[in-house]
Amino acid sequence: MAFVLYCVDKAGHGHVRAENRPAHLDYLNSNLERILIAGPMTSDDGASVTGSVIILSDDSRAEAEAFAAGDPYTKAGLFESVTITAYKKVLP
């Protein structure tokens, strides 16, 4: 089953993202077998990062929640909100 993690950064927390990016990337790279897609959300002009989207392949919501809780960005308090939603890929 797939789950979408939709993570919105707190305003003014770009420094928190920058400081924790290496640990975040290490965390993602250590979980590549379950990540279907991952990347930052940006402002319309691409000048600033506003959050993250990660789609995971996990057996349960609890696993997706544990993944989100273990992310260094989450631990550093970067996110204003994290929404986890079950997802079904249809196309392509």
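Residues numbered from 1 in each chain as written. Predicted model: local features only at pLDDT ≥ 70, side-chain atom pairs only at ≥ 80, totals over all residues. Heavy atoms only, no water.

Caption draft 1: Representation of the side chain of Asp58. As for its placement among the helices and strands, Asp58 is situated in the loop between β3 (49-57) and α2 (61-70). For Asp58, the side chain forms a polar contact with the side chain of Arg34, separated by 2.9 Å. Not counting residues up to four positions away in its chain, the partners in contact with Asp58 are Met1, Phe3, Arg34, Glu63 and Ala64. (Helix = DSSP H or I, 4+ residues; strand = E, 2+ residues; numbered from the N terminus. Polar contact = N/O pair within 3.5 Å; in protein donor to acceptor, adjacent residues only side chain to side chain. Contact = heavy atoms within 4.5 Å.)

Caption draft 2: View of the nonpolar core. Core analysis: the largest hydrophobic core is formed by 16 residues, its most contacted members being Leu5, Ile54, Leu56, Ala64, Phe67 and Ile84. Taken together, the elements giving at least two residues each to this core come down to β1 (2-9), α1 (14-29), β3, α2 and β4 (79-87). Among residues more than four places away in sequence, those in contact with Leu56 are Met1, Ala2, Phe3, Leu5, Arg34, Ile35, Leu36, Ala64 and Phe67. (Core = buried A, V, L, I, M, F, W, Y, C linked by side-chain atoms within 4.5 Å. Buried < 20%, exposed > 50% of the residue type's maximum accessible area, 1.4 Å probe, protein only.)

Caption draft 3: Representation of α2 within the structure. Of all the positions in α2, only Ala64, Phe67, Ala68 and Gly70 are classed as buried. Here the buried residues of α2 occupy an arc of 170° about the axis, which is enough to place them on one side. (Arc of directions from axis to C-beta.)

Caption draft 4: Looking closely at the pattern of salt bridges. In the structure shown here, the tally under the stated rule is two salt bridges. Residue Arg17 pairs with Asp9 through a salt bridge whose shortest N-O separation is 2.9 Å. Of the two residues, Arg17 and Asp9, both sit in the buried class. One salt bridge connects Arg34 with Asp58, and the closest N-O pair in it is separated by 2.9 Å. Of the two residues, Arg34 is situated in the loop between α1 and β2 (35-42) and Asp58 in the loop between β3 and α2; the sequence distance between them amounts to 24 residues. Of the two residues, Arg34 and Asp58, both sit in the buried class. (Salt bridge = Lys/Arg side-chain N within 4 Å of Asp/Glu carboxyl O.)

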